[in-house]
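Given next are the chains, with one letter for each unit.
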Amino acid sequence: MGIPLLLSTAYFGPVHYYARYLHHPEVYLEQYENFTKQTYRNRCVILAGNGQVSLVLPVVKGRGPKTLIKDLEISYDTEWQRNQWQTIVSAYNSSPYFEYYQDELLPFFEKKSRFLMDHNIEIHEMLCGFMEVKNKLKLTEDFEKVPENTLNLRQAISPKVKETLDTAFQPKPYIQVFSEKFDFVPNLSILDLLFNEGPNAYDVLMESITL
């Protein structure tokens, strides 16, 4: 698609996020919005043995509700990194491609980045490397300064939005680790797709947007 795309930042974003990303040569990442709780900006959803699990990246509180997303700092008051990595290993250790990606993923659960957005962008660039995605992010220059004729999915890709307004997104099913236990669970974190499909993840994403 030729029109630009506007997205929020995302922590190991969902399949919808990356399916859209692949279909737009120009992608803008919003850095001047205020932080919104309970969104993919600082959480992702994976599938474990007992069902869906939200992995929440804690942020520093006490700076008021109008903290710009680019200025939001990560909190290390709890051992969330170790706990999240253990949860991921437990959920995906038996998946076909976990061993293929784990060494490059592990540092993000060890090092201590200061800002959420910087951390997310580093993760995003690594994920794009896995999938050989070439189009690069551009950061917005102001909250209101969005290119004309841009598809704005800044708020639409959200765990709060059960019925997506983006009707072009039709998630293509794939085999998941616990497929014998659960029906296919769509739109989990990109981690779920990568661990289960590996190099085929790109094709699944491309086929999940109907134009």
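Because the structure is a prediction, the values reported are computed rather than measured. Each chain has its residues counted from 1, running along the sequence as written. Confidence filtering applies because this is a predicted model: local features only for residues at pLDDT of at least 70, side-chain atom pairs given and counted only at 80 or more, and all residues used for totals across whole chains, interfaces and linings. As a rule here, side-chain values come from all non-hydrogen atoms in the structure, and water together with hydrogens is ignored.

## Focus: the environment of Pro 14
Here is step 1 of the chain: Numbering goes from the N terminus for both helices and strands, where a helix is a DSSP run of H or I of at least four residues and a strand is a run of E of at least two. With respect to the helices and strands, the residue Pro 14 is situated in the loop between strand S1 (5-7) and helix H1 (15-22).
Here is step 2 of the chain: Buried means the residue's accessible area, taken with a 1.4 Å probe over protein chains only, is under 20% of the maximum for its type, while exposed means over 50%, and partly exposed covers the values in between. Residue Pro 14 is classed as buried on the basis of its relative accessible area of 1%.
Here is step 3 of the chain: As for Pro 14 and Lys 160, which are separated by 146 residues in sequence, their C-alpha atoms are 13 Å apart.

## Points about the sheet that holds S1
Think of a sheet as strands paired side by side through backbone hydrogen bonds, with each pair either parallel or antiparallel.
Here is step 1 of the chain: One open sheet accounts for 4 strands, arranged S5-S2-S1-S6; its pairing is parallel. Each end of this open sheet is capped by a strand with a single partner; those strands are strand S5 (137-139) and strand S6 (151-152).
Here is step 2 of the chain: Any two residues whose heavy atoms approach within 4.5 Å are treated as being in contact. Simply put, an axis is a line fit to the C-alpha atoms, just over the touching stretch for a helix, and the angle between two N-to-C directions goes from 0 to 180 degrees. Lying on the sheet, H1 is in contact with S1, strand S2 (27-29), S5 and S6; it crosses S1 at an angle near 150°. Two strands make a pair as long as DSSP finds a minimum of two bridges between them.

## Focus: unusual backbone geometry
Here is step 1 of the chain: Phi is positive for Phe 12, close to 45°, though the residue is something other than glycine.
Here is step 2 of the chain: Positionally, Phe 12 belongs in the loop between S1 and H1.
Here is step 3 of the chain: A positive phi angle, close to 55°, is found at Gln 38, a residue other than glycine.
Here is step 4 of the chain: Structurally, the position occupied by Gln 38 is in the loop between S2 and strand S3 (43-48).

## Some points on the pairing of strand S4 (residues 51-56)
Here is step 1 of the chain: Here S3 pairs with S4 via 6 bridges, running antiparallel. Among the inter-strand pairings, Cys 44 is bridged to a residue of S4, identified as Leu 55.
Here is step 2 of the chain: From the end of S3 to the start of S4, which pair antiparallel, there are 2 residues.

## What about the side chain of Arg 20?
Here is step 1 of the chain: Mapped onto the elements of the fold, Arg 20 is located in helix H1.
Here is step 2 of the chain: By relative accessible area, which is 4% here, Arg 20 ends up buried.
Here is step 3 of the chain: Polar contact is the term for a pair of N or O atoms within 3.5 Å; when the atoms are in protein, one must be able to donate a hydrogen and the other to accept it, and sequence-neighboring residues count only if both atoms are side-chain atoms. A distance of 3.1 Å separates a polar atom in the side chain of Arg 20 from a polar atom in the side chain of His 24.

## Some remarks on the side chain of Gln 84
Here is step 1 of the chain: Along the polypeptide, Gln 84 turns up in helix H2 (residues 80-92).
Here is step 2 of the chain: On the basis of relative accessibility, which here comes to 5%, the residue Gln 84 falls in the buried class.
Here is step 3 of the chain: Among the polar contacts made by the side chain of Gln 84, one reaches the side chain of Tyr 11 at a distance of 2.7 Å.
Here is step 4 of the chain: When sequence neighbours within four positions are dropped, the list of residues in contact with Gln 84 reads Tyr 11, Leu 55, Val 56, Leu 57 and Phe 109.

## Focus on helix H5 (residues 190-197)
Structurally, the α-helix is built with 3.6 residues per turn, so residues lying three or four positions apart point the same way.
Here is step 1 of the chain: Taking burial as the measure, the 8 residues of H5 include 8 buried ones, the bulk of the element.
Here is step 2 of the chain: What H5 keeps buried is the set Ile 190, Leu 191, Asp 192, Leu 193, Leu 194, Phe 195, Asn 196 and Glu 197.
Here is step 3 of the chain: Each element contacted by the buried residues of H5 is listed here: H1, S3, H2, helix H3 (98-105), helix H4 (116-131) and helix H6 (201-206).
Here is step 4 of the chain: Gly 198 sits one or two residues past H5 and shows a positive phi near 55°.

## Observations regarding the pattern of salt bridges
Here is step 1 of the chain: Salt bridge criterion: a side-chain nitrogen from Lys or Arg within 4 Å of a carboxyl oxygen from Asp or Glu. This structure, assessed with the given rule, holds 9 salt bridges.
Here is step 2 of the chain: For Glu 30, the salt bridge is made with Arg 154, and the minimal N-O distance between the two is 2.7 Å. Of this pair, Glu 30 sits in the loop between S2 and S3 while Arg 154 sits in the loop between S6 and H5, placing them 124 residues apart in sequence. Of the two residues, Glu 30 and Arg 154, both sit in the buried class.
Here is step 3 of the chain: Note that Glu 207 and Lys 172 form a salt bridge whose closest N and O atoms lie 3.2 Å from each other. With a gap of 35 residues between them, Glu 207 in the segment after H6 and Lys 172 in the loop between S6 and H5 connect regions that are remote in the sequence.

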